[in-house]
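An overview of the molecular structure
Below are the chains, spelled out letter by letter.
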Amino acid sequence: MRTAIRFAMFLWMAMSAPLMAEDRVVVVELYTSQGCSSCPPADAFFHDTLTKRDDVIALALHVDYWDYLGWKDNFASPEFTKRQKDYARAAGHRSVYTPQMIVSGTDHVVGNHPYEVKDLIAAHKRNAPVVDVSIKKQGGRFVVEAETSAAPGPMVIQIVRYRPMEKVAIKRGENAGRELAYSNIVDSWDVVAEWDGKKPIRVRAPARGDLPVVAIVQGRDHGPILAAARLR
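What counts, and at which threshold
- Residues numbered from 1 in each chain as written.
- Predicted model: local features only at pLDDT ≥ 70, side-chain atom pairs only at ≥ 80, totals over all residues.
- Heavy atoms only, no water.
- Helix = DSSP H or I, 4+ residues; strand = E, 2+ residues; numbered from the N terminus.
- Rg over C-alpha atoms; globule rule 2.2 N^0.38 Å.
- Buried < 20%, exposed > 50% of the residue type's maximum accessible area, 1.4 Å probe, protein only.
- Contact = heavy atoms within 4.5 Å.
- Areas by Shrake-Rupley, 256 points an atom, 1.4 Å probe, with all protein chains shown as cover.
- Lys, Arg positive; Asp, Glu negative; His and termini not counted.
- Charge placed at Lys NZ, Arg CZ, Asp CG, Glu CD.
- Core = buried A, V, L, I, M, F, W, Y, C linked by side-chain atoms within 4.5 Å.
- Expected span 1.5 Å × (residues − 1).
- Polar contact = N/O pair within 3.5 Å; in protein donor to acceptor, adjacent residues only side chain to side chain.

**Things to note about the overall build of the protein**
Across its full length, the protein holds four helices and 11 strands. Taking 2.2 N^0.38 as the reference for a compact globule, 232 residues should give roughly 17 Å; the C-alpha atoms of the protein span a radius of gyration of 19 Å, in line with that estimate. With respect to the principal axes defined by its C-alpha atoms, the protein has extents near 75 × 40 × 35 Å. Within the protein, the fraction of its 232 residues that count as buried is 45%. Within the protein, residue pairs in contact and separated by at least 24 positions form 68% of the contacts whose partners lie at least 6 positions apart. For the protein, the exposed surface amounts to about 12300 Å²; the carbon and sulfur share of it is 53%. Charged side chains of the protein number 31 positive and 27 negative; the gap between the two group centres comes to 4 Å.

Structure representation (C-alpha cells):
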C-alpha cells in the first residue's frame, strides 16, 4: 500500500512539475563563412544532420575574416568573429579557423569531421544537467527563468535569434558559381543577465521580430554551456 502511495505521489510530482530546460540538450556552434572553400561540407553536415536532431541546438555563426578573398558574407558579423576568438583565448589557442564546431562551449573540433562531432555530442549527453532554463514570450518580451542546485559559479544568460534556412548564390571568391544552403544562421547573440546561481533568476528582454529564439546559460568568460532551451 505504501509503495503504491509513493508511486502515485511520484507520478503527481512529475506531471505537475514545470517543464524547464530540454533534458540534456547539447549546443553546437558552427563557425563558418561563405568565402571559405573548405566550409561547404561542414555546412551540409550541419544542415542535413545537426539541425534535424531534437537533442541538439545547432547554431551557425558566420565570421568576417575571409571577406577579403573576394566575397562578402552577408550573414557575417565582427561580433561572431570576436566570440570565436574569445573561445580560442579561453582555451589557450593562438588562432581561429573555419569550419570549426564548438560543442557545449568546451570542445573544439574541425567542422567537417562529422564522426568526431557526433562522438562529442554523445559524450556531453551523458553529463547530467546542473542548470534548468526555460524561455517563453509574454506580450512584447521574452521571459527567461533559470535555477540550479549546484551553484557552478558565475554565469551569463544569453538570448540567441537565428534564421532557419537561406540559400545564397555566391558569385565571387573561393565558392564562386555555387548556390549553398545555410541553416540556423545566428542573427544576434545577446547577453541579457549575469547570474551567480545562488537563487533562481527571472529575466525579461525585448522580443524583437519573429525569428526562432534560444536561451543559453553559460559559464562567464566563454566557459561551458550549462543549459539551453528553445522557445516553444
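On we go.
**Focus on the nonpolar core**
One finds Val-133, Val-144, Ala-146, Ile-157, Trp-195, Ile-201 and Val-217 to be the most contacted residues of the largest nonpolar core, which totals 20 residues. Mapped onto this core, the elements with two or more residues apiece are β5 (131–138), β6 (141–148), β7 (155–169), β8 (179–195), β9 (201–206), β10 (213–219) and β11 (225–230). Among residues more than four places away in sequence, those in contact with Val-144 are Val-133, Ser-134, Ile-135, Ile-157, Ile-159, Ile-201, Arg-202, Val-203 and Ala-215. Of all hydrophobic cores here, the second largest spans 19 residues; its members include Ile-57, Ile-102, Tyr-162 and Val-214.

**Digging into helix α4 (residues 114–125)**
Look at α4: 16 Å from first C-alpha to last across 12 residues, which is about the 16 Å you get at 1.5 Å a residue. Those residues of α4 hidden inside the fold are in contact with β1 (26–32), α2 (40–48), β2 (56–62), β3 (100–103) and β4 (107–110).

**Considering helix α3 (residues 78–91)**
For the α-helix, the turn length of 3.6 residues means that residues three or four positions removed from each other point alike. Between its first and last C-alpha atoms α3 spans 20 Å; for 14 residues at 1.5 Å apiece the expected length is 20 Å, and the two agree. Residues of α3 that are buried: Phe-80, Thr-81, Arg-83, Gln-84, Asp-86, Tyr-87 and Ala-88. N-cap assignment for α3: the residue whose side-chain oxygen lies 3.1 Å from the backbone N of Glu-79 is Ser-77. Following α3 by one or two positions, Gly-92 adopts a phi angle in the positive range, close to 80°.

**Describing the environment of Val-203**
When you line up the elements, Val-203 lands in strand β9. Residue Val-203 is classed as buried on the basis of its relative accessible area, which comes to 8%. Taking the C-alpha atoms as reference points, Val-203 and Asp-107, 96 residues apart in sequence, are found 28 Å from one another. Sequence-distant contacts of Val-203, that is, excluding residues within four places in its chain, are made with Phe-142, Val-143, Val-144, Ile-157, Val-192 and Ala-193.

Don't take any of this as a statement about function, it's just geometry.
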